[in-house]
Structures are given as structure tokens and as C-alpha cells.
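Structural overview
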2 protein chains.
Amino acid sequence: MGISLKDVAARAGVSVKTVSNVVNGYRHVTPATRQRVQQVIDELGYRPNLTARHLRKGRTGIIALALPELGNPYFAELADAVISYAAGLDYIVLLDHTNGRRDQEVLFAQGFRARLIDGLILSPIELENEDLLARGNDAPLVLLGEREYEAPHDHIAIDNVAAARTATRHLLDLGRRRVAFLGARHGRVRRVAHLRLRGWRAAIAESPGAADGDELVAATDGYTRGDGAQAMARLLDSGAAPDAVFCYNDLIAVGAMRTLTERGVRVPEDVAVVGFDDIDDGRYCSTSLTTIAPHKQAIAQAAVDALLARLDGGDEAAQAEPRHIRPGFALIRRESTLGRPLESG
Amino acid sequence: MGISLKDVAARAGVSVKTVSNVVNGYRHVTPATRQRVQQVIDELGYRPNLTARHLRKGRTGIIALALPELGNPYFAELADAVISYAAGLDYIVLLDHTNGRRDQEVLFAQGFRARLIDGLILSPIELENEDLLARGNDAPLVLLGEREYEAPHDHIAIDNVAAARTATRHLLDLGRRRVAFLGARHGRVRRVAHLRLRGWRAAIAESPGAADGDELVAATDGYTRGDGAQAMARLLDSGAAPDAVFCYNDLIAVGAMRTLTERGVRVPEDVAVVGFDDIDDGRYCSTSLTTIAPHKQAIAQAAVDALLARLDGGDEAAQAEPRHIRPGFALIRRESTLGRPLESG
DNA sequence: ATGAAAGCGCTAACAT
DNA sequence: ATGTTAGCGCTTTCAT
């Protein structure tokens, strides 16, 4: 195959150990030896075989990041942050798509890619609690996102209920009374969107004059702009007549705004809109989007740190109780909710 | 460490070979043996150590994809396509950021990650031809994107000149006469944006009445929405008074549209806009964006196929002449260039 | 400061 | 159909 340590050693007239020492920057090597070896390395174009090194060391320096898909800018931006942060810590990232499918998620949750990766960061959508319990305890696993589990794994997520409540309250504070929720999922109580829906309900409940009927909750099949556009159209057609919409995510919000504009409904005058995720997209819409901004940088760092703590922290760290880390979030006000709040509620 | 083949073999009372046969689905194993071994595997929760397998086989089934960054939706969508397509062929993707920095790109171009990856797909920005020539011929390398090199590597890119010419001509066909180009890079002749600029020039040159002054070419520092917004502002302030803008990419176009809208310039009535990349974003802008759509799926597939051909195709394939593959593109007309073309030119 | 040799877990050639 | 064994390329005791 390629050039190995042995080849270099033979050519330089030293043992493999010495070459290994040079390659790894071991201190106690005579400058003369080092130079000679280095010269042969350059001559031969030797590159250490990482696979062999990994096998020997029992570690690869690779972590896997399993996300639904990169087509969603939120996940792309998050992956960007994870890759960059991990690179700074000398870890590389293997990126996998689950497509939000349970079978795929199960595959990763259970030790798929065993001993190829040192650990896994997984953002599940359909994964069930039982799937996690069935896991052979392999590499450490860090969970990401809104789904909640009772399993012994670290979990990184902002407080989704609080964030949704903040978003909804912002709309109510503007004097809106018919605040719709876009992006629920039918009959999936513990699933994604559940916590955000709960936050929405909580804010509505606190606000005496606010409408709280189920006709204000619109389900979507997925989380894309197209789903948002369709759901908004259905909501409008149903006669629900909202004066504000809180959307499960920014993509749905952008789609909803598109439908509103097409139908001559003004944003924010007639209907105010709030999204969730703070994707770059929302900042440059012609009506820029008010949104909940989860601190992606913090999420990415917390996820990687949690993983590495279990990897590098020794036995106590590896055995420590699972932690639930809640990075912060912020409400970013933009044009889609412009307007002064009413004096009285 | 974990459970190895040997452990399973001992427990099942067979040799490692037999266990290996079972694990790899080798046909000639008595059902009884197979079942017994499988049972022990399940009991012990055995998982093959992929690193060891890779070392032994000299192949890892991993390809690296090195992109500037995932924050740009074009790259995110492209990565999405690469990952999905590679997964279907049982390859996994290691995703690396170059941040468009030459030193990073050089690192990957030269056999970084040697023998950890079977091959590399690289989308360079600053990489120079000499960097490629200095490459120790390690794993196969496939180049992606507008930069052109004279180096023995496959290159996948749409015909950027033709695409830019198509885009610009579309604007001219609308009767526009002062078509600006947004997204050039100062004094970087062979760099990104060069080919698209050339396509712009070609279209203008073909169109007798069209303005072709340098004041219509606006440089940007990067390729983000913010860069586009700023460049558009500068162009407007400079008094160049364009009636159309062809942008290096969709992000710049979205930023430009934002500036135009803010300044009360109507799109497309006063200024028509065309982008490049066909990111999802552009489809749902309140004024949806006309754009050049490179066939991302085709690009991703061509890149992976080219790599795998060299990997799996035997010696002839590995030594074959470098190929320059040009997937197709399409002009997608949307609202940002709406309006009937003028009768006479 | 350097060398010799064991062994990480697997596959494949060879043997039975 | 199954067992034995060498060896992928590296790091790491243990010697010297």
C-alpha cells in the first residue's frame, strides 16, 4: 500500500520506535537523528496511517453528529457550529442524516459505527425512550433538541416551554388576541412541537382576553417553508381569523408570511408573526422575522463539551449522572412584530 | 476494552473465523452454528470494531467533504445531497470546514487524514494550482466549483460562464440596459466569480445598447446576505443607477433585494434581480428570486461517482485521465424578474 | 536515546 | 464447514 513507519525506519537506518518518536514529537531524540529521520519522511512522503493509530490507541478523535437533514438551515447552522468547535479541540465530525426516521435514529442510538467514533451527538425526532434503553452502552451519547427522554444520557436543549411562552407573550403584549400556533403534530404528545405548544397554551392562559380555541392550532406534516405556507392557507380558509401567528420554526414562519403576503394580508399590521430558531434567512426577509434565538454556539459547545467530558474526564466523569443542560435563548424583535405595545392588556 | 471476536468465539466454542463468517454473512455456515454464534453475539452485545476492520482491509468506506462552511445554504444543500447519495452507496461522509482559507484547503488537498478517508471531495476558494501539484498522490481527489486548475484531478462544475451569460441575457431580454454585477472580487483573476463575471461581460457585449462600464461591477468581501446588502447600497450611492442586477449568488441577491426594498426601489419594476445557486431561501422571499439553478443532485452524484470510480474501478480507472464533468443548470424565473420582455431590443 | 517485540481486532490465505 | 495463523501499521512497555 503506502509507505509505513517500517519503510522509513529501514531507509533511515533506525528502528520504528525512533521514527514514531520523531513523528509524534517525542522530546528525547538527538537533533541529528531527528533531522535524518525527518528527511527520509519528507523524501518518501510518509503519512501516518490513522486507522492503525486509532486501532492501537482505542480512540479515533471522531465524533458523529446525526441530524435529520442539512437542508434545514437550523441544522446546517448548528452543524457548522459543532464542526468548527470540535475542530478547535482536535476532533473531527462524521455527519449523518437520520431523515427524522425512527429506524435510522435507532441505528445510531444503538452502537452503529462502533469504535469508529468516540461518541455521538444525536438530534432525534421519532426516537422512543425504549430505543434508548435498549442501547448497548457503547460510546457516550448526547441528545439534542426538544424531545425529552428518561434515559441515562446528557441532553442539551433550551427551555422550549419558556421560549414559546416568551414568543407568544410578545404577541399578546402587542395587543393581539387571536394568536395561532403553526406547526403542531397530530396526536403526538411527547413529540417535537409538544413543548412549544405547551408554552403557547401557557401564555394564552395567562392572558384573560386571549382566544384559546383549537381552531387556532394548525398542524403541519413537516417543518419546511412549504408546510408553513400550506398550513397558513388552511388556517385562513378555515375562518380562524388570527391576528398573530407563532410558528414552530422559522421555516414555517417564512412560508406563512409568504402566504399572507400573497393574499394581501399585511405583516405585521394585520397579522404579526414570530418564528423559532433564528436562521439567517429570517433576518433578510423583506419583512424581517421576529424569532426566538436559541444560542446555537452555546448548544454546540455544550454538546461537544458534554461528550468530551465523558471521554476525557476519566471514570468518574464517564459514570456521572446524566446532565440536562439548558443553554439560553433570546427573543429577537424584527419587523414581523413591529408596532408599539398597547397600554392596557 | 469492548467485546472482541475472540470473546465471542470462546464463549460459543468456535473459532474466530466462524464468528467472522457469521458476522459477515458468509454463506457456508451450518444453520446450527450460525444460530449459536448469533445468540452469543446478542448476549454479549458484540459489535465489530470498525477501526480494526478498516486497518485490515485498507479501506474505510469514509469519504471527506471539505467545504468552506455550512452556514451558506448552497453548501449545506450540496452537503445534504452528497451525504444522502453516499449513504445509499454505503459510504459515510466526514465533513470538514476550510473556511475558504488557503492553508486549510492545502491541508486537505495534501494527504491530511491519510488512510482514514478513502477519498476527498474538495470545494476550494483560495487554493492555488501549485498547491495541487505539490500533492503526494494519496487518496483520490475530486474538485468542485468554479475555480479551475491544471492538475490531474476530476473536476465537477457547471459551465459558469454559460450560466452567467444566460442569467444576464435574461435581464437584457427584459429590456434592461444597465445590468450590474454584484459579487466580484478585486484583482483575483482566476478566482471565484471570475467566470461568472466573464459570462456577464459576454452577454453585455452581445447586446448593442447595454451599458458595460466598470461602475456597474461591485465587489464584495464575502458571499453573505450582508455583503450583498452593503454592495447594493454602495452601488446605489455611487450613482451607477442600474435597472437590473445579476448577483454572484443567491445570498448576495437576497441582501441586495433587502437594500432595494428599504430604499423604496421596487423589485422587479425598477430593478430586476437574478441570483445564482437556487437555494430554498430564494423561493419564499416575498419577492421570490429568479436564479440559476445548478443541478445540485447531479453535482453531488457526479462527485461521489467520480471518486468511487477511481476507488472501485481497478487500476485503469484509477489511472484514467482526469475528467471535467459539467452537470446542467437551469434558469428559474420568479418574481424578481417578472414582466414581459420588450418587443424590440 | 534508541531498539526489540507484543498486541490492538480484524480478515483472508491456507489447512483440514 | 470450520480452524489456525499471519499480518494490516501503529504505539507502547520493557530492555539496553
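This is a predicted model, so every value here is computed, not measured.

DNA strand D sits among 24 residues. The nearest are Tyr46 and Arg56 of chain A together with Thr18, Thr30 and Thr33 of chain B. At the protein interface, 64% of the atoms of DNA strand D within 4 Å belong to sugar or phosphate. Contacts to DNA strand D include Arg56 of chain A, whose side-chain N or O atom sits 2.3 Å from a base oxygen. Taking His28 of chain B, its side chain carries an N or O atom lying 2.9 Å from a phosphate oxygen of DNA strand D. Going through the elements one at a time, α2 (16-23) and α4 (50-57) of chain A together with α2 (16-23) and α4 (50-57) of chain B are the ones with two or more residues in the surface near DNA strand D. Classifying every residue of the surface near DNA strand D by side-chain character gives ten nonpolar, nine polar and five charged.

The subject of this paragraph is the state of the cysteines. Taken as a whole, this structure holds zero disulfides over all chains when the rule is applied. The cysteine Cys285 of chain A is free of any disulfide, with Cys285 of chain B supplying the nearest cysteine sulfur at 6.7 Å. Looking at Cys247 of chain B, it has no disulfide partner, and the nearest cysteine sulfur is the one in Cys285 of chain B, 11 Å off.

All names here are of chain B. What the rule picks out here adds up to 41 salt bridges over all chains. Here Arg59 ties to Asp118 by a salt bridge, and the two come within 3.9 Å at their closest N and O atoms. With Arg59 in the loop between α4 and β1 (62-67) and Asp118 in the loop between α6 (102-109) and β3 (119-122), the pair connects residues that are 59 residues apart, well separated along the chain. For Arg59, a relative accessible area of 29% puts it in the partly exposed group.

Here the focus is the relation of the copies chain A and chain B. For the pair chain A and chain B, the best superposition has an RMSD of 0.1 Å and corresponds to a rotation of 180 degrees with a translation of 0.0 Å parallel to the axis. One copy is carried onto the other by what is essentially a two-fold rotation axis. Looking at the rotation axis and the C-alpha trace of chain A, the residue lying nearest is Leu94 of chain A, at 2.2 Å. Comparing interface residues between copies, 100% of those in chain A also sit at the interface in chain B, which points to an isologous, same-surface contact.

Of note, Arg185 of chain A is situated in the loop between β6 (179-184) and α9 (194-206). In sequence terms Arg185 of chain A and Ala81 of chain A are 104 residues apart; their C-alpha atoms lie 28 Å from each other.

On to the domain arrangement of chain A. Per the domain assignment, the segments making up chain A are domain 1 (5-39), domain 2 (50-157 + 296-312) and domain 3 (160-294 + 331-338). Taking only C-alpha atoms, the centre of domain 1 of chain A and the centre of domain 2 of chain A are 37 Å apart.

Our focus in this paragraph is the interface of chain A and chain B. Opposite the 51 residues of chain A that make contact, chain B presents 51 residues. Roughly 4,400 Å² is buried in total at the junction of chain A and chain B, and carbon and sulfur atoms are behind 61% of that figure. Ranking the residues of chain A by area buried against chain B places Arg115, Arg258 and Tyr284 of chain A at the top, with a combined share of 17%. Our enumeration of links across chain A and chain B arrives at two salt bridges. Salt-bridge contacts for Arg258 of chain A lead to Glu335 of chain B; the nearest nitrogen and oxygen are separated by 2.5 Å. Taken together, the links from chain A to chain B amount to 21 residue pairs in polar contact (both at pLDDT 80 or more). For the side of chain A that touches chain B, the secondary structure elements donating two or more residues are α4, α5 (73-88), β2 (92-97), α10 (225-237), α11 (250-262) and α12 (280-284) of chain A. Top contributing element to the side of chain A that touches chain B by residue count: β2 of chain A, with six residues. The residue inventory of the side of chain A that touches chain B, partitioned by class, reads 22 nonpolar, 16 polar and 13 charged.

The rules behind each value
Throughout this description, residue numbers start from 1 for each chain and increase along the sequence as written. Each chain gets a letter, beginning with A, and each ligand a number, beginning with 1, in the order they are written. Predicted model: local features are reported for residues with pLDDT of at least 70 only, side-chain atom pairs are reported and counted for 80 or more only, and whole-chain, interface and lining totals are derived from all residues. The basis for the side-chain values is all heavy atoms of the structure; hydrogens and waters are excluded. Throughout this document, a residue counts as near a molecule or strand when at least one of its heavy atoms sits within 4 Å of that molecule or strand. In protein, a polar contact requires one atom able to donate a hydrogen and another able to accept it; more generally it is a pair of N or O atoms within 3.5 Å, and residues adjacent in sequence count only if both atoms are side-chain atoms. Secondary structure elements follow DSSP: runs of H or I no shorter than four residues count as helices, runs of E no shorter than two count as strands, and numbering proceeds from the N terminus. Under the grouping applied here, Gly and all other residues not named as nonpolar or charged are polar, the nonpolar ones being Ala, Val, Leu, Ile, Met, Phe, Trp, Tyr, Cys and Pro and the charged ones Asp, Glu, Lys and Arg. Two cysteine sulfurs form what is called a disulfide whenever their separation falls within 2.5 Å. By definition here, a salt bridge exists when the distance from a side-chain nitrogen of Lys or Arg to a carboxyl oxygen of Asp or Glu is within 4 Å. Relative accessibility thresholds used throughout: buried, under 20% of the residue-type maximum; exposed, over 50%; partly exposed, between the two (1.4 Å probe, protein chains only). Superposing copies: least-squares fit, C-alpha atoms only, residues required to have pLDDT of at least 70 in both. Contacts are assigned to residue pairs with any non-hydrogen atoms lying within 4.5 Å of each other. These domain limits were set by an automatic method or by a database of domain assignments. Once two parts are put together, the accessible area they lose, assessed with a 1.4 Å probe and summed over both, is termed the buried area.

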